[in-house]
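# Observations on the model geometry
Residue strings, one per chain:
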Amino acid sequence: MVDPEVRVPPIVDLTKPNDARVYDYLLGGAHNFAVDRELAKQAVAAMPIIRQVALANRAFLHRVVRVCVHAGVRQFLDLGSGIPGVGNVHEVAQAIDPRCKVAYVDLDPVVHAHGQLILADTPNTALINADLLDAPAVLGHGAVRGLLDFDEPIAVLALLSLHFVPDDRDPEGALAAYRDAVPVGSLLALSHPTPDPTFEGLDEAVDLFEQEYLAPAIRGYDRFLRFFDGFELLEPGITTLTHWRPDREGAEEVPVHGGLGVKSSR
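Everything in this summary refers to the structure shown in the same document. (Residues numbered from 1 in each chain as written. Predicted model: local features only at pLDDT ≥ 70, side-chain atom pairs only at ≥ 80, totals over all residues. Heavy atoms only, no water.)

### Quick word on the overall build of the protein
Within the protein one finds 10 helices and 8 strands. For the protein, the accessible area works out to roughly 12,000 Å², and carbon and sulfur atoms hold 52% of it. (Helix = DSSP H or I, 4+ residues; strand = E, 2+ residues; numbered from the N terminus. Areas by Shrake-Rupley, 256 points an atom, 1.4 Å probe, with all protein chains shown as cover.)

Listed below in structure tokens is the structure:
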């Protein structure tokens, strides 16, 4: 059900699903529409583990943010953030240090409308409506520049967002622009679906999203590794999400890899 307090911008087509709102539904959120829920249910029917993918990615986000804060980083730039609902970056980081600052970036106007409401009374946060691939616009945005200090380390996050970026839009180029804008000691955290024939229903789930013009790119390990160009991977390197510094046993395996790298002086 649509939150009655949020005015849906007129440019939003409520007949088409949106990846951020589908993700919100899979996480148990309420900021989604019927068309998003229907696509999510079809995807779960085709590939039941897809709900676990969303939960595993959120757990990975929590671990990454904690590692960043404990490493001394107090600033976060979350690219393709989706709706900043329960358990998102600012809640995890500010629970450790309330001084942590988080700038969320997402292009979806409904995400922006919901997010502005959610973050209205939350200090040290901002949400800008921008394309994560337009690095100059993001990096030059007044809200980002007003919140983040680019002379101090920044953790750049792109978690389950780059798989909706086709190759011809040059995701490596955008990541390189962010890398060049942040100082030495900054961090880059990424997660991305990877091909794995042992997971039934992956092709069917991809087909469903393609039919709704949300064609995901399933990239292999070597291609994913290229996204970290200019960053030194921290232990344990690139692994499936459940094997990246796990904080509990028995988590279900998912066909998604993740990693965290630090920008070094080299």
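From this point, things continue past the structure.
### Quick look at unusual backbone geometry
The phi angle of most residues is negative, glycine excepted, and most peptide bonds adopt the trans form. Looking along the chain, the bond that leaves Glu 235 and enters Pro 236 is cis, with omega of 5°. If you trace the backbone, Pro 236 turns up in the loop between β6 (231-233) and β7 (239-240). Here Leu 160, not a glycine, exhibits a phi torsion of approximately 50°, which is positive. If you trace the backbone, Leu 160 turns up in the loop between β4 (155-159) and α8 (171-181). On the accessibility criterion, Leu 160 (15% relative accessible area) is buried. Even without being glycine, Arg 245 reaches a positive phi, approximately 45°. In this structure, Arg 245 sits in the loop between β7 and β8 (256-263). (Buried < 20%, exposed > 50% of the residue type's maximum accessible area, 1.4 Å probe, protein only.)

### Let's talk about the nonpolar core
The nonpolar side chains of a soluble globular protein tend to be buried, and buried together. Counting residues in each nonpolar core, the largest one holds 42 residues, and the members touching the most others are Val 64, Val 65, Cys 68, Phe 76, Val 89 and Leu 157. Secondary-structure elements contributing two or more residues to this core are α1 (19-26), α2 (34-46), α3 (50-70), α4 (89-96), β2 (101-106), β4, β5 (187-193) and β8. At 10 residues, the largest contribution of residues to this core is made by α3. In contact with Val 65, other than residues within four places in its own chain, are Phe 76, Val 89, Val 92, Ala 93 and Leu 157. (Core = buried A, V, L, I, M, F, W, Y, C linked by side-chain atoms within 4.5 Å. Contact = heavy atoms within 4.5 Å.)

### Section: the layout of surface pockets
To find leftover empty space, one rolls a probe the size of a water molecule over the atoms. Space inside the second largest pocket adds up to approximately 260 Å³. In terms of lining residues, the second largest pocket is bounded by 17 residues, among which Asp 24, Leu 27, Arg 58, Gly 85 and Val 86 are the most central. When contributions to the lining of the second largest pocket are tallied by element, the ones reaching two or more residues are α1 and α3. Grouping the constituent residues of the lining of the second largest pocket by class yields 8 nonpolar, 7 polar and 2 charged. (1 Å grid on protein atoms, 1.4 Å probe; cavity = no way out; pocket = protein on both sides within 12 Å on 5 of 7 lines; lining within 4 Å. Points joined across faces, edges and corners; volume = space filled by probe spheres on them. Nonpolar A, V, L, I, M, F, W, Y, C, P; charged D, E, K, R; others polar.)

### Some points on the packing of α3 against α4
At a minimum axis separation of 9 Å, α3 and α4 run at an interaxial angle of 35°. Considering how the two elements wind past one another, α3 and α4 form a crossing that is right-handed. Between α3, through Leu 61, His 62, Val 65, Arg 66, Val 69 and His 70, and α4, the contact on the second element is made entirely by Val 89, Val 92, Ala 93 and Ile 96. Among the residues forming the contact of α3 with α4, the class breakdown is 7 nonpolar, 2 polar and 1 charged. (Axes fitted to C-alpha atoms, helices over the stretch in contact; angles between N-to-C directions. Left-handed = near helix turned anticlockwise from the far one by under 90°.)

### Focus: the environment of Thr 15
Tracing the backbone through its elements, the reader meets Thr 15 in the segment before α1. The exposed category is assigned to Thr 15, whose relative accessible area is 58%.

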